[in-house]
Amino acid sequence: MLGRHSGRHAVQSRCESLGFTLSAADVDLVYHAVISLGEHRKAIADGDLRRIIERVRTPASPSSPGGGTGIAHVEAIGYGHGV
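Chemist: Just give me the short version of the packing of helix H2 (residues 24–38) against helix H3 (residues 46–57), but keep the residues and values in it.
Modeler: Running from N to C, H2 and H3 cross one another at 135°; their axes reach a closest spacing of 10 Å. Here H2 is positioned oblique relative to H3, judged by the angle of their axes. Between H2 and H3 the crossing geometry is right-handed. Listed contacts from H3 to Asp 26, Leu 29, Val 30, Ala 33, Val 34 and Leu 37 of H2 are Asp 48, Leu 49, Ile 52, Ile 53, Arg 55 and Val 56.

See the structure below:
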């Protein structure tokens, strides 16, 4: 199990034990995602790690919302007078 206090080496070792070989850049992205998820969960299971790796390995398409940044556009709707 990984968590928010896991180091890069622990993340890389766990990825390798699951059969994934990642570049240094991918390890860094996976590590940051694990830390971020660890802020909300006590532990990151193997299934969570697999989903993170899949997301890192699959680049967002430029036609997706947010222009490939992974951030969806959200438009504020209101009455127009601060209510």
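Still more to cover.
Chemist: So, H2: which residues are in play, and what are the values?
Modeler: With 15 residues, H2 ought to run about 21 Å at 1.5 Å a step, and its terminal C-alpha atoms sit 21 Å apart, in line with that. Inspection of H2 places Val 27, Val 30, Tyr 31, Ala 33, Val 34, Ile 35 and Gly 38 among the buried residues, and these make up the whole buried set. Structurally, H2 contributes buried residues whose contacts are with helix H1 (8–17) and H3.

Chemist: Please set out the packing of H1 against H2 residue by residue, giving values where relevant.
Modeler: Where H1 meets H2, the closest approach of the two axes is 9 Å, and the angle between their N-to-C directions is 105°. Looking at the two axes, H1 sits roughly perpendicular to H2. Contact residues: H1 offers Arg 8, Val 11, Gln 12 and Cys 15, while H2 offers Val 27, Asp 28, Val 30, Tyr 31, His 32 and Val 34. In terms of residue class, the contact of H1 with H2 is made up of six nonpolar, two polar and two charged.

Chemist: Lay out the confidence of the model for the protein with the relevant residues and their values.
Modeler: Confidence in the prediction for the protein averages 80 pLDDT; 71% of positions are at 70 or higher. Taken element by element, the predicted model of the protein shows its lowest mean pLDDT in H2 (92) and its highest in H1 (94).

Chemist: Lay out the pattern of salt bridges in plain terms, naming residues and giving numbers.
Modeler: Scanning the model with the defined rule gives five salt bridges in all. Among the salt bridges present, the one from Arg 41 reaches Asp 48, with a minimum N-O distance of 2.7 Å. By relative accessible area, Arg 41 is classed as partly exposed at 39%. When its relative accessible area of 10% is taken as the criterion, Asp 48 is described as buried. Asp 48 is paired through a salt bridge with Arg 51; the nearest N and O atoms lie 2.7 Å apart. Placement of the pair is Asp 48 and Arg 51 together in helix H3, with a separation of three residues, close to one helical turn. Within this structure, Arg 41, Asp 48 and Arg 51 form a network of salt bridges that share partners.

Chemist: Tell me about the side chain of Ser 6, and name the residues and values.
Modeler: With respect to the secondary-structure elements, Ser 6 resides in the segment before H1. Engagement of the side chain of Ser 6 in a polar contact is seen with the backbone nitrogen of Gly 3, the distance being 2.9 Å. When residues no more than four places from it in sequence are discounted, the contact partners of Ser 6 are Val 11, Tyr 31 and Ile 35.

The rules we used
- Residues numbered from 1 in each chain as written.
- Predicted model: local features only at pLDDT ≥ 70, side-chain atom pairs only at ≥ 80, totals over all residues.
- Heavy atoms only, no water.
- Axes fitted to C-alpha atoms, helices over the stretch in contact; angles between N-to-C directions.
- Helix = DSSP H or I, 4+ residues; strand = E, 2+ residues; numbered from the N terminus.
- Parallel < 35°, antiparallel > 145°, perpendicular 65-115°, else oblique.
- Left-handed = near helix turned anticlockwise from the far one by under 90°.
- Contact = heavy atoms within 4.5 Å.
- Expected span 1.5 Å × (residues − 1).
- Buried < 20%, exposed > 50% of the residue type's maximum accessible area, 1.4 Å probe, protein only.
- Nonpolar A, V, L, I, M, F, W, Y, C, P; charged D, E, K, R; others polar.
- pLDDT = per-residue confidence, 0-100.
- Salt bridge = Lys/Arg side-chain N within 4 Å of Asp/Glu carboxyl O.
- Polar contact = N/O pair within 3.5 Å; in protein donor to acceptor, adjacent residues only side chain to side chain.

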